[in-house]
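# Observations on the three-dimensional arrangement
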Amino acid sequence: MIVVMKSGATEDEIQSVIDRIHEAGLEAHLSKGEFRTIIGVIGDEEKIDQLPIAAMPGVEKIMPVMKPYKLVSREFHPDNSVVEVGRAKFGSEQFCVIAGPCAVESEDQLMACAEKVMTAGAVMLRGGAFKPRTSPYSFQGLGEEGLRLLKRARSITGLPVVTEVVDVRHVVMVANYVDMLQIGARNMQNFLLLREVGMQQKPVMLKRGMSATVEEWLMAAEYIVRGGNRNVILCERGIRTFETATRNTLDLSSVPIVKRLSHLPVIVDPSHATGKREIVADLAKAALAAGADGIMVEIHPDPKRALCDGPQALNFEEFECMMEDLKKVAQALGRAI
Ligand code: PEP
Ligand code: MN
């Protein structure tokens, strides 16, 4: 249930409602907007139904929530949530571009990428240190050494960095090195991992599972927000379909759908969605046109030598070209890059 307070509700009135929710053994999640305060009530549905709250002073209305997710829903938080990382403001007018190699391979490779990311006008550097590979024989990433290199790249360029965390035992350690934690498609429903990153302060980018519905994806985000971490960014990275022409099928319609259902920022990863460098820039532009809050793309100084995902990595020239095109599309749409 969601309690919408009147626009002039006082702090005491808000607190009385919260106290009554707590007295009933339920949880209250407060969302303060510019004009309105909204309180999400969480717990036993039966107890919620019996909660006498509608007549309390300062309460405008109560709304039952039929959707299984609450905290991430638009009803709960009608304004866009803006997640700030460095100078990136996900969920604002800004179209935020995150770029970097699939995997951190060496200092030279990462620094070359970082410099290009900065000069081309992107706002965040990505790089995998722990790679969740389909085959145990493939390159698994540099581990903590990769995190050290990411930290160094940040101190040289000033760019915030994001990396994937794959293990509950690594969450605190990884969070100490980077600015944003990534939960990969393969771990979207790793509920212990979601709970763990929910207890962290660092923003989390939650990728859509490869066979996850929009509702399952939002439920996964609900785990993180429920844990106390409201800084969640959703990332559409393509889903598995019968189509084999691309690595995955980019479900671009999920962008405007999720933007309506949820207040969380949504970005698109056209690299993993397509697996093909030739069409990454086209889908990046489409993502911007569809209302995404940003994109994440893979780049590499020499894609044919990449240890991971070379076929989908843009070389530096292609990346610069894409950035120039995106700036034009953004301008036409009244967005900034
Ligand atoms: C990645 O972004 O490095 C990655 C592994 O992507 P996904 O989890 O979407 O496959
Ligand atoms: Mn990759």
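## Some points on the site of ligand 1
- Inspection of the region around ligand 1 gives Arg126, Lys131, Glu164, Gln182, Gly184, Ala185, Arg186, Lys207, Arg237, His272 and Met296 as its neighbouring residues.
- Within the contact set of ligand 1, an oxygen atom lies 2.8 Å away from a side-chain nitrogen or oxygen of Arg126.
- Within the backbone of Ala185, a nitrogen or oxygen atom sits 2.8 Å from an oxygen atom of ligand 1.
- Compared with its free state, where it exposes 290 Å², ligand 1 has 97% of that area covered by protein.

## Looking at the sheet that holds strand 12 (residues 232-236)
- Taking strand neighbours around the barrel as the criterion, the eight strands line up as 7-8-9-10-11-12-13-14 in a closed arrangement whose pairing is parallel. The sheet shows a mean angle of 25° between the axes of neighbouring strands, direction not considered.
- Strand contacts of helix 6 (residues 191-198): strand 10 (180-183) and strand 11 (204-207), with the helix running at about 170° to strand 10, the strand carrying the most contacts.
- Running over the sheet, helix 8 (residues 254-261) touches strand 12 and strand 13 (266-268) and is turned about 170° from strand 13.

## A short note on the pattern of salt bridges
- For the structure on display, the rule yields 23 salt bridges.
- Linking Asp293 and Lys259 is a salt bridge whose minimum nitrogen-to-oxygen distance equals 2.7 Å. With a gap of 34 residues between them, Asp293 in the loop between helix 10 (277-289) and strand 14 (294-298) and Lys259 in helix 8 connect regions that are remote in the sequence. The two residues Asp293 and Lys259 agree in class, both being buried.

## Notes on the pairing of strand 7 (residues 96-100)
- A large share of strand 7 lies buried, amounting to five of its five residues.
- Across the two faces of strand 7 the burial is the same, with Cys96, Ile98 and Gly100 and Val97 and Ala99 all buried.
- Here five bridges tie strand 7 to strand 14, and the two strands are oriented parallel to one another. The partner of Val97 across the bridge, within strand 14, is Ile295.
- Bridge analysis of strand 7 against strand 8 (residues 124-126) gives two bridges, and the strand direction is parallel. Bridge assignment links Ile98 to a residue of strand 8, and that residue is Met124.
- This β-α-β element, strand 7 to helix 3 (residues 107-120) to strand 8, shows right-handed connectivity.

## Focus: unusual backbone geometry
- You will see that Asp309, though not glycine, has its phi angle at about 60°, which is positive.
- Assignment of secondary structure puts Asp309 in the loop between strand 14 and helix 11 (316-332).
- Residue Asp309 is classed as buried on the basis of its relative accessible area, which comes to 17%.

## Overview of the coordination of the manganese ion (ligand 2)
- Looking at the metal site, the manganese ion (ligand 2) is ligated by Cys102 (SG), His272 (NE2), Glu298 (OE) and Asp309 (OD), spaced 2.0 to 2.4 Å from it.
- All donors to the manganese ion (ligand 2) come from one chain, and their sequence spacing reads C-x169-H-x25-E-x10-D. With Cys102 in the loop between strand 7 and helix 3 and His272 in helix 9 (residues 270-274), this pair connects stretches of sequence that are 170 residues apart. Neither residue differs from the other here; Cys102 and His272 are each classed as buried.

## With respect to the domain arrangement of the protein
- Taken domain by domain, the protein holds domain 1 (2-63) and domain 2 (83-332).
- The C-alpha-based centres of domain 1 and domain 2 are spaced at 36 Å.

## Looking at the packing of helix 6 against helix 7 (residues 214-226)
- One can describe the packing of helix 6 onto helix 7 by two numbers: an axis separation of 7 Å at closest approach and a directional angle of 40°. Judged by the inter-axis angle, helix 6 sits oblique to helix 7. Crossing geometry of helix 6 relative to helix 7 is assigned as right-handed. Contacts between helix 6 and helix 7 pair Phe191, Leu194, Arg195, Val197 and Gly198 from the former with Ala220, Tyr223 and Ile224 from the latter.

## A few points about empty space enclosed by the protein
- All told, the structure shown has one cavity of 30 Å³ or more when counted by the stated rule.
- Along its surface, the largest cavity is lined by Pro101, Cys102, Ala103, Glu105, Ile299, His300, Ala306, Cys308, Asp309 and Ala313.
- Its residues assigned to classes, the lining of the largest cavity comprises seven nonpolar, one polar and two charged.

## A few points about helix 11
- For helix 11, built from 17 residues, the straight-helix expectation of 24 Å at 1.5 Å per residue is met to within 8% by its first-to-last C-alpha distance of 25 Å.
- Tucked inside the fold, the buried residues of helix 11 contact strand 7, helix 3, helix 10 and strand 14.
- Looking one or two residues past helix 11, Gly334 carries a phi angle of roughly 75°, positive in sign.

Procedures and definitions
Residues numbered from 1 in each chain as written. Chains lettered and ligands numbered in written order. Predicted model: local features only at pLDDT ≥ 70, side-chain atom pairs only at ≥ 80, totals over all residues. Heavy atoms only, no water. Near = heavy atom within 4 Å. Polar contact = N/O pair within 3.5 Å; in protein donor to acceptor, adjacent residues only side chain to side chain. Areas by Shrake-Rupley, 256 points an atom, 1.4 Å probe, with all protein chains shown as cover. Pairing = 2+ DSSP bridges. Helix = DSSP H or I, 4+ residues; strand = E, 2+ residues; numbered from the N terminus. Axes fitted to C-alpha atoms, helices over the stretch in contact; angles between N-to-C directions. Contact = heavy atoms within 4.5 Å. Salt bridge = Lys/Arg side-chain N within 4 Å of Asp/Glu carboxyl O. Buried < 20%, exposed > 50% of the residue type's maximum accessible area, 1.4 Å probe, protein only. Right-handed = clockwise from strand over helix to strand, strands pointing away. Donors = N, O, S within 2.8 Å, 3.2 Å for Na, K, Ca; no water. Domains from an automatic or database assignment. Parallel < 35°, antiparallel > 145°, perpendicular 65-115°, else oblique. Left-handed = near helix turned anticlockwise from the far one by under 90°. 1 Å grid on protein atoms, 1.4 Å probe; cavity = no way out; pocket = protein on both sides within 12 Å on 5 of 7 lines; lining within 4 Å. Points joined across faces, edges and corners; volume = space filled by probe spheres on them. Nonpolar A, V, L, I, M, F, W, Y, C, P; charged D, E, K, R; others polar. Expected span 1.5 Å × (residues − 1).

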